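Chain and residue survey
Now for the letters of each chain:
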Amino acid sequence: MTHYDVAVRARVVEIARQWIGTPYHHQASCKSVGCDCLGLVRGIWRELYGRDAEVATGYSADWAEASGNEALLAGAARHLTIIDVAEIAAGDVVVFRLRPNSIAKHTAIIATATANGAETMIHAMEGGPVCEVALGAWWRRRIAGAFRFSSALNFD
């Protein structure tokens, strides 16, 4: 891991923690005003790189069930580096399947990751503000993909 990677990862966590307390608002991505889980990741990207990775299209709360398309995983793979779940560390993005055999439709930022498994994540879920919570067994079992911000940006 390069010095740059360490610096980016620390910055991702720093930015994510600045979003804590932002109210949940579907499709939003505005720190202190409102965001959903994707909006949190989009906002971090914007602060890191000065622009959105791509224009976000509108989506309904049940978009995944309606389409059957793994749009969240595909979007993450377009703009972030895919990593093995066993390699997740602070600053990484994780994508979850909230129910077994369902479409992946939730994201979080790993805030702390230690060798003894004391991991936390920062995320936004309907019904509450952005918060930092334990990445416990329930969440871990539902990880569908893991990704890392990198210096090789792809804005296509």
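Note that the structure is a prediction, hence the values are computed from the model and not measured.

Further remarks concern the confidence of the model for the protein chain. With 83% of its residues at a pLDDT of 70 or more, the protein chain has an overall mean of 88. Confidence, expressed as mean pLDDT per element, reaches its minimum in the protein chain at helix α3 (residues 63-67) with 61 and its maximum at strand β4 (residues 93-96) with 98.

What the rule picks out here adds up to five aromatic pairs. Where Phe96 meets Trp139, the ring centres are 4.8 Å apart and the plane angle is 65°; that geometry is what we call edge-to-face. One end of the pair, Phe96, is in strand β4; the other, Trp139, is in helix α5 (residues 137-140), and 43 residues separate them in sequence. Comparing Phe96 with Trp139, the two get one shared label, buried. With 4.9 Å between their ring centres and 85° between their planes, Trp138 and Trp139 make a pair best called edge-to-face. Looking at Trp139, the relative accessible area reads 12%, which means it is buried. Among the aromatic residues, those joined into a cluster by ring pairs are Trp45, Tyr49 and Phe149.

Glancing now at helix α4 (residues 71-79). Among all positions of α4, only Leu72, Leu73, Gly75, Ala76 and His79 are buried. One side of α4 holds all its buried residues, which, seen down the axis, span an arc of 165°.

Ranked by internal contacts, the top residues of the largest apolar core, which has 27 residues, are Ile44, Ile109 and Phe149. Secondary structure elements with two or more residues in this core: α1 (3-18), α2 (37-49), α4, β4 and β5 (106-112). With residues up to four places along the chain from it excluded, the contact list for Phe149 reads Val8, Val12, Val41, Ile44, Trp45, Leu48, Tyr49, Leu80, Gly91, Val93 and Ile109. With eleven residues, the next largest nonpolar core counts Phe96, Ile110, Leu135 and Ala146 among its residues.

Rules and cut-offs
- Residues numbered from 1 in each chain as written.
- Predicted model: local features only at pLDDT ≥ 70, side-chain atom pairs only at ≥ 80, totals over all residues.
- Heavy atoms only, no water.
- pLDDT = per-residue confidence, 0-100.
- Helix = DSSP H or I, 4+ residues; strand = E, 2+ residues; numbered from the N terminus.
- Phe/Tyr/Trp six-rings, centres within 6.5 Å; stacked < 30°, edge-to-face > 60°.
- Buried < 20%, exposed > 50% of the residue type's maximum accessible area, 1.4 Å probe, protein only.
- Arc of directions from axis to C-beta.
- Core = buried A, V, L, I, M, F, W, Y, C linked by side-chain atoms within 4.5 Å.
- Contact = heavy atoms within 4.5 Å.

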